[in-house]
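# Coordinates in review
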Amino acid sequence: MIPIPDAARGLRAGEISALDRLDLHLARIGALNDRLRAVWAVDEGRARAAAERADRDLAAGIDRGPLMGIPFLVQDVIDLAGLATTCGSAVPSPPARADAEAVARLVAAGAVPLGKAATYEFAFTGPAWDLPEPPARNPWDEERIPGGSSSGSAAAVAAGLARIALVTDTSGSVRDPATHC
């Protein structure tokens, strides 16, 4: 995966469209996520609509910022409209009615919301194997965990399933996975 500034330059230069970039990430999720379990849910319809909007805006000379057209994931403790925020738990959760403010700001800046990244239960405990979804795996060594509650996000970014991820950090929740992955 190329660095975000290079990806943004490629979008603006017309070397690749936001839709094509999205398709690259969706293909990578399809190829690797069964093993890594880093992505909990994908909202392909919403992602495609956001990528199409980014392409239309860029073609019209409208540039909403450096993350325009860049796909991102959201840790499953942060609301993404239309998807449940399960916090990695088996407790039933309805779909979120609205995006969290941080998500809304990324979307307003033209970033492309892919979906939800896996997290440890309630972003609080270590990996658990007795939940409906097994914990994410480290993309560099699938026998190891990615560490911390932002484990799915770190594994997804390291493996190129998404360019960036919106996460939380309490006591190393993103710092530990970032170093593990």
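Everything in this summary refers to the structure shown in the same document. Residue indices follow the written sequence of each chain, beginning from 1 at its first position. Selection of residues for local features in this predicted model requires a pLDDT of at least 70, selection of side-chain atom pairs for listing and counting requires 80 or more, and totals for whole chains, interfaces and linings are taken over all residues. Side-chain descriptors were evaluated using all non-hydrogen atoms of the structure, hydrogens and water having been removed beforehand.

## Quick word on the packing of helix H2 (residues 18-36) against helix H3 (residues 44-59)
When two helices pack together, their arrangement is given by the angle between the helix axes and by the axis-to-axis distance. Between N-to-C directions, angles span 0 to 180 degrees; the directions come from axes that are lines fitted to C-alpha atoms, helices contributing only their stretch in contact. Strands are runs of DSSP state E lasting at least two residues, helices are runs of H or I lasting at least four, and both sets are numbered from the N terminus onward. Running from amino to carboxyl end, H2 crosses H3 at an angle of 150 degrees, the nearest separation of the two axes being 8 Å. Taken together, the axes of H2 and H3 are roughly antiparallel relative to one another. Packed against H2, whose contacting residues are Ala 18, Leu 19, Leu 22, Asp 23 and Leu 26, the element H3 presents Glu 44, Ala 47, Arg 48, Ala 51, Glu 52, Ala 54 and Asp 55 at the interface. Three classes are used, and their members are as follows: Ala, Val, Leu, Ile, Met, Phe, Trp, Tyr, Cys and Pro are nonpolar, Asp, Glu, Lys and Arg are charged, and the others, Gly among them, are polar. Its residues placed into classes, the contact of H2 with H3 shows seven nonpolar, no polar and five charged. Roughly parallel covers angles under 35 degrees, roughly antiparallel covers those over 145, roughly perpendicular covers 65 to 115, and oblique covers all other angles. Residue contacts are defined here by distance: any two heavy atoms, one from each residue, within 4.5 Å place the two residues in contact.

## Notes on the environment of Leu 80
Within the secondary structure layout, Leu 80 lies in the loop between strand E2 (71-75) and helix H4 (101-108). Those residues within four positions of Leu 80 in sequence are excluded, and the remaining contacts are Arg 46, Val 74, Thr 85, Ala 96, Ala 98, Asp 99, Val 103, Pro 113, Gly 115 and Lys 116.

## Observations concerning the pattern of salt bridges
It is possible for side chains bearing opposite charge to pair when their charged atoms get close. Think of a salt bridge as a Lys or Arg side-chain nitrogen and an Asp or Glu carboxyl oxygen that are within 4 Å of each other. For the coordinates displayed, the defined rule picks out eleven salt bridges. Salt-bridge contacts for Asp 76 lead to Lys 116; the nearest nitrogen and oxygen are separated by 3.0 Å. A residue pair is termed long-range when its members are at least 10 positions apart, and Asp 76 in the loop between E2 and H4 and Lys 116 in strand E3 (residues 112-117) qualify at 40 residues. Type-normalised accessible area, obtained with a 1.4 Å probe on protein chains alone, sets the label of each residue: buried when under 20%, exposed when over 50%, and partly exposed for intermediate values. A relative accessible area of 0% means that Lys 116 is categorised as buried.

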